[in-house]
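# Commentary on secondary and tertiary structure
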Amino acid sequence: MADKSDVTTYTVKQALAAQVADHIEIAIEAQDGTKLKLVATADQLDALVGDLETILDADDAEGEAA
């Protein structure tokens, strides 16, 4: 991934996903009106979903411990 100084952070207002031919497109509108389209393979998104599940599971475990 790029150096953090090269990254712009956006807050998601809305996101939609669709399968297009052999890839998946995720359209995102940020709070400031910026619109992005991400194009990814199913394998890339599977890896992302795995990362998100790990994060959410950790959050759930912390919530139950409190």
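Just above sits the structure.
Rules of the game
Residues numbered from 1 in each chain as written. Predicted model: local features only at pLDDT ≥ 70, side-chain atom pairs only at ≥ 80, totals over all residues. Heavy atoms only, no water. Helix = DSSP H or I, 4+ residues; strand = E, 2+ residues; numbered from the N terminus. Polar contact = N/O pair within 3.5 Å; in protein donor to acceptor, adjacent residues only side chain to side chain. Contact = heavy atoms within 4.5 Å. Core = buried A, V, L, I, M, F, W, Y, C linked by side-chain atoms within 4.5 Å. Buried < 20%, exposed > 50% of the residue type's maximum accessible area, 1.4 Å probe, protein only.

### What about the side chain of E25?
- Within the secondary structure layout, E25 lies in strand β2 (residues 23-30).
- At 3.0 Å, the side chain of E25 forms a polar contact with the side chain of H23.
- In contact with E25, not counting residues within four places along its chain, are L16, A17, A18, V20, K37, L38 and V39.

### Quick look at the nonpolar core
- Judged by nonpolar contacts, I24, I26, I28, A40 and L45 together constitute the single largest core of five residues.
- At three residues, β2 tops the list of elements feeding residues into this core.
- Those residues in contact with L45 that sit more than four places away from it in its chain are I24, I26 and A40.

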